[in-house]
Number of protein chains: 2
Amino acid sequence: MASSYYPKLESTFPPDEKLTAATENAIIFYDASNFEIIGQLPDTETYTRLPLGAQNKVRQEVWNLSQHSAGISIRFTSNSSTIKVRWELKYNNHLSNMTPIATKGLDLYAYRDNTWQFVGVARPVEGHQNEAIIIEGMPANAQEYLLNLPLYDGILSLEIGIDSGAYVDKPAQKIIDTAHPIVFYGTSITQGASASRPGLTYPAMIERQFNKEVINLGFSGNGRFEKAIAEYIMTAQPSLVILDCTPNSPADTIRKNLPETIDYITAVNDTVPIILVESIIRDYAFFKKDDQNVSGTMSFINEQNNALKAVYESKIKTRKNIFYIVSENLIGEDHEATTDGTHFNDLGHYRAYQRFREEIEKILRSL
Amino acid sequence: MASSYYPKLESTFPPDEKLTAATENAIIFYDASNFEIIGQLPDTETYTRLPLGAQNKVRQEVWNLSQHSAGISIRFTSNSSTIKVRWELKYNNHLSNMTPIATKGLDLYAYRDNTWQFVGVARPVEGHQNEAIIIEGMPANAQEYLLNLPLYDGILSLEIGIDSGAYVDKPAQKIIDTAHPIVFYGTSITQGASASRPGLTYPAMIERQFNKEVINLGFSGNGRFEKAIAEYIMTAQPSLVILDCTPNSPADTIRKNLPETIDYITAVNDTVPIILVESIIRDYAFFKKDDQNVSGTMSFINEQNNALKAVYESKIKTRKNIFYIVSENLIGEDHEATTDGTHFNDLGHYRAYQRFREEIEKILRSL
């Protein structure tokens with residue numbers, strides 16, 4: 001039996017739930033790489049997260065995931081009344097615990113009243129080729145924009161479409177400082193599962209809050225505190241490194257990999273603050289029989305967190321500026337903040353963002 | 001080019017992110033309708049939301065949407081170490097602003113320490129036939145369960161699978177009072193867009209908070225304060241009626257439909273509390289040129305809310321127990337609580353739940 005696809009059921013939404021114009025102005029498309037790309041390490045190919053040379057230096061899974069555009073954004077300015085995007089996906093991925101908008105769509109923010117305010121989304125259709133109006137019918141005033149790329153897919157090409165009489169250009173105002181980015185190195189949660197759109201991950205919220213470029217090195221299932229990744233992190237001359245790999249790293253992996261990763265970061269820059277983050281207890285661990293040999297159980301996770309704590313306590317003796325976020329209450333204690341027991345939903349990302357924000361403010365005050 | 005589908009990318013999650021057993025016990029399946037179904041009006045077919053006789057009395061769109069299982073749950077008790085489900089979907093719907101888990105999957109709660117705690121999800125595969133382990137490896141203790149059905153699809157059949165040596169039965173403890181349910185009548189937002197799983201809609205959270213059956217009559221794009229729906233609502237002898245149709249109802253529709261709907265409810269029961277709820281200002285309305293004739297703009301929405309307020313003020317003169325929830329701050333003022341500018345994400349549903357909870361507690365105190 002044929003499946004219905006996205007547009008079908010959405011046609012049951014009333015007209016006011018759609019943004020399609022009856023008559024559309026002529027739209028001119030510009031390659032997005034003409035503007036400013038933020039959220040990338042130095043020397044990466046357009047919209048990817050590790051330099052080409054990394055292909056032989058990191059595990060194949062990490063390399064593949066580095067082709068996902070998680071955390072990458074376009075900064076531009078325009079006075080167009082319509083903002084449209086056209087994008088070609090590398091994979092056309094589908095995930096049961098993600099919205100297609102988050103997996104392979106985009107969302108847009110504009111800078112208003114000294115804050116980044118959500119404007120709208122580009123909804124993917126089914127297929128690699130996509131085209132969507134994010135917003136139309138705006139007054140033709142210049143605005144600064146931040147366009148967030150897909151979290152769990154890759155971008156082969158991306159174009160920004162504006163009214164034929166309007167302009168689009170590199171940012172007129174800097175706003176987001178890109179000199180020394182904040183780098184998150186983590187798991188699927190960091191990469192953005194299960195935020196409902198690209199701008200709602202906690203790294204993206206940190207970027208908007210502090211107006212500081214954030215590089216998202218979340219590698220789904222493959223965040224393992226690896227020194228090979230730290231080498232790339234340090235090429236960005238980061239102002240802050242957040243090591244958020246615990247959920248993907250068994251205790252042994254933490255004990256083996258994390259000390260040398262911290263030592264490497266310290267060797268390059270012995271003052272850059274490092275934040276270590278515990279794993280939350282998965283919602284299902286509260287129900288399953290405990291068995292320290294089975295990953296995802298209470299004891300297994302406690303053992304991961306204990307290993308993290310032990311590395312922290314050993315390193316803090318000789319290295320300043322190491323900070324530690326415990327998992328308790330990181331996403332609340334009501335068990336309503338994951339989509340599937342593991343991955344933060346929007347409530348989880350928001351709560352985690354609040355904790356990270358608090359910790360980062362504390363660090364900034366201490367510097 | 002062939003699309004990957006759900007299971008493909010998820011295989012990049014590490015083993016601890018999956019709940020699949022290496023060796024699976026023999027599982028015996030039982031038809032879910034053997035247990036207790038909550039969230040349905042009287043005289044409805046299994047897992048649907050309006051009685052068969054309504055097919056010729058409501059608009060076709062409403063009838064079609066009534067076949068979606070939004071807000072319907074199964075209450076059961078079991079001592080099984082594994083809970084598995086097998087379900088056949090009516091439509092196999094896809095929505096760009098919903099996770100497949102929310103659209104056509106299920107989630108499970110268990111009653112622990114006097115609260116409903118999230119256990120896990122049944123992830124849909126691609127196709128009408130689905131089978132998924134929600135949780136396994138639990139101690140074999142009796143627990144009370146609440147299994148929430150898909151929000152944007154229909155259920156042709158549903159079976160609960162348990163260990164061959166275990167039992168599954170109707171609830172051993174009542175817990176959720178079903179005598180006089182709370183009925184929500186509303187839009188796509190009420191139906192559950194864009195919660196990340198079925199249990200995270202604000203009506204579902206209200207049900208668990210108050211342990212009071214909730215019937216979800218959210219009809220995507222078709223919530224219009226219609227008296228025909230009120231007639232079905234009142235067959236449930238509700239303890240509270242929430243009329244939450246404003247986002248789908250232009251001001252004229254509100255002025256035309258709402259007074260007679262309130263009058264009908266009053267004629268049947270002049271003491272049942274009624275809550276009227278304003279529409280939020282859509283996130284995109286803050287950017288679009290204002291035009292009171294274009295739906296979704298600031299003036300259009302204000303006009304909808306003004307019409308609602310006028311009906312409220314007129315009715316409250318002669319009818320006690322009408323309450324009013326303003327949209328200001330309903331889902332916060334940071335514009336981060338929708339997935340697409342219209343539909344509440346998990347943060348939006350959670351914030352709305354808190355407001356509804358507060359209002360309902362106030363009403364309960366006043367009775």
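Residues numbered from 1 in each chain as written. Chains lettered and ligands numbered in written order. Predicted model: local features only at pLDDT ≥ 70, side-chain atom pairs only at ≥ 80, totals over all residues. Heavy atoms only, no water.

As annotated in an unreviewed UniProt entry, chain A carries the name SGNH hydrolase-type esterase domain-containing protein and comes from Cecembia lonarensis.

Turning to the overall build of chain A, a few remarks are in order. Of the regular secondary structure elements, chain A holds nine helices and 15 strands. Here chain A has a C-alpha radius of gyration of 21 Å; the compact-globule value for 367 residues is 21 Å, and the two agree. If one aligns the C-alpha atoms of chain A with their principal axes, the spans along those axes are about 65 × 50 × 40 Å. Expressed as a percentage of the 367 residues in chain A, the buried residues total 65%. (Helix = DSSP H or I, 4+ residues; strand = E, 2+ residues; numbered from the N terminus. Rg over C-alpha atoms; globule rule 2.2 N^0.38 Å. Buried < 20%, exposed > 50% of the residue type's maximum accessible area, 1.4 Å probe, protein only.)

Another aspect to go through is the relation of the copies chain A and chain B. Mapping chain A onto chain B calls for a rotation angle of 180° and an axial translation of 0.0 Å; the resulting RMSD is 0.0 Å. Taken together, the rotation angle and the small translation identify this as a two-fold axis. Interface overlap between copies is the fraction of interface residues in one copy that are interface residues in the other; for chain A against chain B it reaches 99%, indicating a shared surface. (Least-squares fit on C-alpha atoms with pLDDT ≥ 70 in both. Contact = heavy atoms within 4.5 Å.)

What follows covers the sheet that holds strand β14 (residues 274-277) of chain B. All names here are of chain B. As summarised here, the arrangement of the five strands in space is β12-β11-β13-β14-β15, forming an open sheet in which the pairing is parallel. Either end of the sheet is taken by a strand with one partner, and the two such strands are β12 (212-218) and β15 (322-325). Taken pair by pair, the neighbouring strands of this sheet meet at an average axis angle of 20°, ignoring direction. Strand direction decides the pairing type here: β14 and β15, joined by four bridges, are parallel. Looking across to β15, one finds that Ile275 is bridged to Phe323. Set on the sheet, helix α7 (residues 251-268) makes contact with β13 (240-244), β14 and β15; between it and β13 the angle comes to about 175°. (Pairing = 2+ DSSP bridges. Axes fitted to C-alpha atoms, helices over the stretch in contact; angles between N-to-C directions.)

Before going further, it helps to examine the confidence of the model for chain A. Across chain A, pLDDT averages 94, with 93% of residues at or above 70. Below pLDDT 50 for its whole length, residues 7-23 of chain A participates in 38 contacts with residues either more than four positions away or in separate chains. (pLDDT = per-residue confidence, 0-100.)

Residue and element names in this part refer to chain B. Buried residues dominate β13, accounting for five of its five residues. Neither face of β13 is open: one carries Leu240, Ile242 and Asp244, the other Val241 and Leu243, and all of them are buried. In this sheet, β13 lies alongside strand β11 (residues 177-186) in parallel orientation, the contact comprising five bridges. Paired with Ile182 across the bridge in β13 is Leu240.

On to the interface of chain A and chain B. Across the contact, 78 residues belong to chain A and 77 residues belong to chain B. Viewed at the interface, chain B and chain A are joined by six salt bridges. With its nearest N and O atoms 3.4 Å apart, the salt bridge here joins Glu336 of chain A to Arg197 of chain B. Linking chain A with chain B are 32 residue pairs in polar contact (both at pLDDT 80 or more), by the criterion used here. Mapped onto the side of chain A that touches chain B, the elements with two or more residues apiece are α1 (6-10), α3 (100-104), β5 (106-112), β6 (115-122), α5 (202-210) and α9 (346-366) of chain A. Tallied by class, the residues present in the side of chain A that touches chain B amount to 31 nonpolar, 29 polar and 18 charged. (Salt bridge = Lys/Arg side-chain N within 4 Å of Asp/Glu carboxyl O. Polar contact = N/O pair within 3.5 Å; in protein donor to acceptor, adjacent residues only side chain to side chain. Nonpolar A, V, L, I, M, F, W, Y, C, P; charged D, E, K, R; others polar.)

Moving on to the domain arrangement of chain A. Residues and elements named next belong to chain A. Domain annotation of chain A identifies domain 1 (24-59 + 72-169) and domain 2 (177-366). Centre-to-centre separation of domain 1 and domain 2, based on C-alpha positions: 26 Å. Taken together, the 34 residues of domain 1 in the interface contact 36 residues of domain 2. Counting the surface lost from both domain 1 and domain 2, the interface buries some 2700 Å², and carbon and sulfur atoms represent 55% of this. When the area that domain 1 buries against domain 2 is broken down by residue, the three leading residues are Arg49, Arg59 and Tyr152, summing to 24%. On the surface where domain 1 and domain 2 come into contact, there are two salt bridges. With a closest N to O distance of 2.8 Å, Arg59 and Glu226 form a salt bridge. Here domain 1 and domain 2 share 18 residue pairs in polar contact (both at pLDDT 80 or more) between them. (Domains from an automatic or database assignment. Buried area = accessible area lost by both parts, 1.4 Å probe.)

Moving on to the pattern of salt bridges. Residue and element names in this part refer to chain B. With the rule as written, the count across this model stands at 38 salt bridges over all chains. Across the salt bridge formed by Glu361 and Arg357, the nearest N and O atoms sit 3.3 Å from each other. Taken together, the residues Glu361 and Arg357, both in helix α9 (residues 346-366) and four residues apart, mark about one turn of the helix. Owing to a relative accessible area of 28%, Glu361 belongs among the partly exposed residues under this scheme. A relative accessible area of 30% means that Arg357 is categorised as partly exposed.

A few words on the sheet that holds strand β1 (residues 27-31) of chain A. All names here are of chain A. Taken together, the four strands give an open sheet; going across it, the order is β1-β9-β4-β7, and neighbouring strands pair in antiparallel fashion. Because the sheet does not close on itself, it has two edges, and the strands there are β1 and β7 (129-135). Averaged over all pairs of adjacent strands, the angle between strand axes in this sheet comes to 25°, irrespective of strand direction. Sheet topology places strand β4 (residues 83-89) next to strand β9 (residues 155-163); six bridges connect them, and they run antiparallel. The residue of β9 that forms the bridge with Val85 is Ile160.

Moving on to the UniProt feature "domain: SGNH hydrolase-type esterase" (unreviewed entry) in chain A. UniProt feature "domain: SGNH hydrolase-type esterase" (unreviewed entry): in the numbering of this structure it lies at residues 180-359 of chain A. Annotated as residues 180-359 of chain A, this span is 40% helix and 15% strand, and its ends, taken at the C-alpha atoms, are 18 Å apart. (UniProt positions renumbered as here; feature names shortened; annotations may be inferred.)

Before going further, it helps to spend a moment on the environment of Leu146 of chain B. Looking at the secondary structure, you find Leu146 of chain B in strand β8 (residues 143-148). With sequence-adjacent residues up to four places away left out, Leu146 of chain B is seen in contact with Ile38, Ser73, Ile74, Arg75, Asp107, Leu108, Tyr109, Trp116, Ile176, Glu207 and Arg208 of chain B.

On to the packing of aromatic side chains. The geometry of an aromatic ring pair is captured by two quantities: the separation of the ring centres and the angle between the planes. One pass over the full model with this rule turns up 22 aromatic pairs over all chains. Ring centres of Tyr202 of chain A and Phe356 of chain A lie 5.0 Å apart, and the angle between their planes is 10°; on these two criteria the pair is classed as stacked. With a gap of 154 residues between them, Tyr202 of chain A in helix α5 and Phe356 of chain A in helix α9 connect regions that are remote in the sequence. Geometrically, the ring pair formed by Phe35 of chain B and Phe76 of chain B is tilted, given 6.3 Å between the ring centres and 40° between the ring planes. (Phe/Tyr/Trp six-rings, centres within 6.5 Å; stacked < 30°, edge-to-face > 60°.)

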